[in-house]
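Below are the chains, spelled out letter by letter.
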Amino acid sequence: MIEYEHKGVSHYELLETFHRDLTPRSYFEIGTLQGGTLCLSKCPTVCVDPSFQIKVDPTGAREATMLFQKTSDRFFQDHNVTQLFGGPVELAFLDGLHEAETLLRDFANIERHCKPNSIVCLHDCVPMNVGQTVRAINGGLWTGDVWKVLPILKKYRPDIDIYVFDAYPTGLVCCTNLDADNTVLRENCSSIWREWGKIELEEYGFEKFIQECSILPTSLISSPEELRRYFYL
Ligand SMILES: C[S@@+](CC[C@H](N)C(=O)[O-])C[C@H]1O[C@@H](n2cnc3c(N)ncnc32)[C@H](O)[C@@H]1O
């Protein structure tokens with residue numbers, strides 16, 4: 001089996017860099033589990049997970065921490081993120097259900113609450129091999145089929161700036177130049193799914209996919225000055 005080894009720092013370290021060097025004023029997270037990424041946030045935070053198993057200090061020194069124990073779809077039906085924060089979300093991390101159609105919906109739903117230079121990070125979109133991409137929960141470094149979200153975003157939303165970093169173990173995709181009013185993903189979700197639903201990574205071509213990702217080393221953004229060449233808040 002062909003393997004791609006991500007040689008950069010972990011997604012935790014990369015997110016910590018975003019929090020430290022860009023000091024976002026609001027952080028939104030789907031998929032919290034034990035709180036490994038929640039605890040990196042120092043600003044008002046919203047977390048969504050149908051089954052929290054938090055093992056860290058849940059509030060830290062933040063002035064507001066809001067935990068919603070429900071699926072992301074249910075959350076977006078019931079709540080308005082801009083109202084919860086009193087403004088747009090500046091940094092988001094999407095790490096919930098490992099199904100491409102859910103991640104795409106999560107992306108479209110949170111983009112509505114972003115400003116153009118907000119940053120939306122997607123986890124697990126660059127698997128190490130095709131074996132990790134099966135849809136059924138597989139434990140370990142299982143990514144599901146969320147890899148599809150990258151070619152879909154590139155095709156349907158070429159206006160978004162997408163940077164793919166070699167964050168260990170399964171990459172970190174960072175999107176900016178967002179457009180809260182763009183409805184392309186929402187309006188085309190059925191046709192997108194007809195086109196992409198049954199495509200497996202093996203059939204798409206793992207090497208082709210990795211080439212198309214144009215993966216950047218995490219070392220490119222290890223200082224605040226370097227980070228601000230790509231992102232600013
Ligand atoms: C990989 S874990 C998150 C890990 C955490 N972000 C970290 O890096 O430490 C994925 C989480 O997504 C949650 N999840 C599963 N289905 C979900 C859904 N439909 N909406 C939101 N979260 C979901 C699971 O309960 C699980 O806690």
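Details of the structure are given in the entry above.
From a predicted model like this one, the values you see are computed outputs, not experimental measurements.

Student: I tried to follow the side chain of threonine 218 on my own but got confused; where do I start?
Tutor: Following the sequence through the fold, threonine 218 ends up in the loop between α9 (206-213) and α10 (224-230). Take threonine 218: its relative accessible area is 8%, and that puts it in the buried class. In this view, threonine 218 contacts Gly8, Val9, Leu14, Phe165, Asp166 and Ala167; residues no more than four positions away in its chain are not counted.

Student: Quick question: what am I supposed to make of α9 here?
Tutor: In an α-helix, one full turn covers 3.6 residues, which means residues spaced three or four apart are oriented alike. Phe206, Phe209, Ile210 and Cys213 are the residues of α9 that are buried. The arc enclosing the buried residues of α9, seen along the axis, measures out at 95 degrees, which places them on a common side. Pointing more than 90 degrees away from the buried face of α9 are the exposed residues Glu207 and Gln211. Looking at the buried side of α9, the elements it contacts are α5 (149-156), β6 (161-165) and α8 (201-204). Where α9 ends, the next residue or the one after it, serine 214, has phi of about 45 degrees, a positive value.

Student: Looking at this model, I keep getting lost on the site of the ligand. Mind explaining?
Tutor: Of all residues adjacent to the ligand, which total 16 residues, the nearest are Tyr12, Gly31, Asp49, Ser72 and Asp95. Take glycine 31: an N or O atom from its main chain is 2.8 Å from a nitrogen atom of the ligand. Within the side chain of threonine 37, one N or O atom sits 3.0 Å away from a nitrogen atom of the ligand. Given that more than half its atoms are within 2 Å of the pocket grid, the ligand belongs to the largest pocket.

Student: Mind showing me how you'd approach empty space enclosed by the protein here?
Tutor: Rolled over the atoms, a probe sized like a water molecule indicates the empty space that remains. Under the definition given, this model contains one cavity of 30 Å³ or more. What lines the largest cavity is simply Leu94, Asp95, Gly96, Leu97, His98, Leu103, His123, Asp124 and Val146. For the lining of the largest cavity, the class distribution of residues is four nonpolar, three polar and two charged.

Student: What is the right way to read the sheet that holds strand β2 (residues 45-48) from this model?
Tutor: The strands making up a sheet associate through hydrogen bonds between their backbones, and the pairing can be parallel or antiparallel. An order of β3-β2-β1-β4-β5-β7-β6 is seen for the seven strands of this open sheet, with the pairing classed as mixed. Of all the strands in the sheet, the pair left with one neighbour each is β3 (65-68) and β6. Averaged over neighbouring strand pairs, the angle between their axes works out to 15 degrees when direction is ignored. Pairing of strand β5 (residues 114-123) with strand β7 (residues 172-176) involves four bridges; the strand directions are antiparallel.

Student: I keep staring at the pattern of salt bridges and nothing clicks. Help me out?
Tutor: Pairing of side chains with opposite charge becomes possible as their charged atoms draw close. Evaluated as defined, the whole model comprises 10 salt bridges. Note that arginine 105 and aspartate 73 form a salt bridge whose closest N and O atoms lie 2.7 Å from each other. With arginine 105 in helix α4 (residues 100-111) and aspartate 73 in helix α2 (residues 72-78), this pair connects stretches of sequence that are 32 residues apart. The partly exposed category is assigned to arginine 105, whose relative accessible area is 36%. Within this structure, Arg25, Glu90 and Lys115 form a network of salt bridges that share partners.

Student: Would you take a moment to explain the nonpolar core for this structure?
Tutor: The nonpolar side chains of soluble globular proteins are, as a tendency, buried together. In terms of nonpolar packing, the biggest core is built from 49 residues, with Phe28, Phe107 and Leu122 touching the most fellow members. Sequence-distant contacts of phenylalanine 107, that is, excluding residues within four places in its chain, are made with Leu94, Val120, Leu122, Leu153, Ile160, Cys175, Leu178 and Leu185. Counting 18 residues, the second largest nonpolar core, distinct from the first, contains Leu14, Leu40, Ala167 and Ile221.

Student: Which parts of the structure should I look at to understand the layout of surface pockets?
Tutor: The computed volume of the largest pocket comes to approximately 870 Å³. Lining the largest pocket are 33 residues, and of these Gly31, Leu33, Asp95, Gly96 and His98 sit closest to its centre. When contributions to the lining of the largest pocket are tallied by element, the ones reaching two or more residues are α1 (11-22) and α2. Looking at the lining of the largest pocket, its residues break down into 10 nonpolar, 18 polar and five charged. Along its surface, the second largest pocket is lined by Glu101, Leu104, Arg105, Ala108, Asn109, Arg112, Leu185, Arg186, Cys189 and Trp193. Of all the elements in the fold, those that place two or more residues in the lining of the second largest pocket are α4, α6 (184-187) and α7 (189-196).

Student: What is the right way to read the packing of α4 against α5 from this model?
Tutor: How two helices pack is summed up by the angle between their axes together with the distance between the axes. Interhelical geometry of α4 versus α5 gives an angle of 45 degrees and a closest axis separation of 10 Å. Regarding the angle of α4 to α5, the classification is oblique. Here α4 runs over α5; the crossing is right-handed. Residues Ala100, Leu103, Leu104 and Phe107 of α4 form the contact with α5, whose participating residues are Val149, Ile152 and Leu153. The residue inventory of the contact of α4 with α5, partitioned by class, reads seven nonpolar, no polar and no charged.

Rules used in this analysis
Residues numbered from 1 in each chain as written. Predicted model: local features only at pLDDT ≥ 70, side-chain atom pairs only at ≥ 80, totals over all residues. Heavy atoms only, no water. Helix = DSSP H or I, 4+ residues; strand = E, 2+ residues; numbered from the N terminus. Buried < 20%, exposed > 50% of the residue type's maximum accessible area, 1.4 Å probe, protein only. Contact = heavy atoms within 4.5 Å. Arc of directions from axis to C-beta. Near = heavy atom within 4 Å. Polar contact = N/O pair within 3.5 Å; in protein donor to acceptor, adjacent residues only side chain to side chain. 1 Å grid on protein atoms, 1.4 Å probe; cavity = no way out; pocket = protein on both sides within 12 Å on 5 of 7 lines; lining within 4 Å. Sits in = over half its atoms within 2 Å of the grid points. Points joined across faces, edges and corners; volume = space filled by probe spheres on them. Nonpolar A, V, L, I, M, F, W, Y, C, P; charged D, E, K, R; others polar. Pairing = 2+ DSSP bridges. Axes fitted to C-alpha atoms, helices over the stretch in contact; angles between N-to-C directions. Salt bridge = Lys/Arg side-chain N within 4 Å of Asp/Glu carboxyl O. Core = buried A, V, L, I, M, F, W, Y, C linked by side-chain atoms within 4.5 Å. Parallel < 35°, antiparallel > 145°, perpendicular 65-115°, else oblique. Left-handed = near helix turned anticlockwise from the far one by under 90°.

By themselves these figures say nothing about function.
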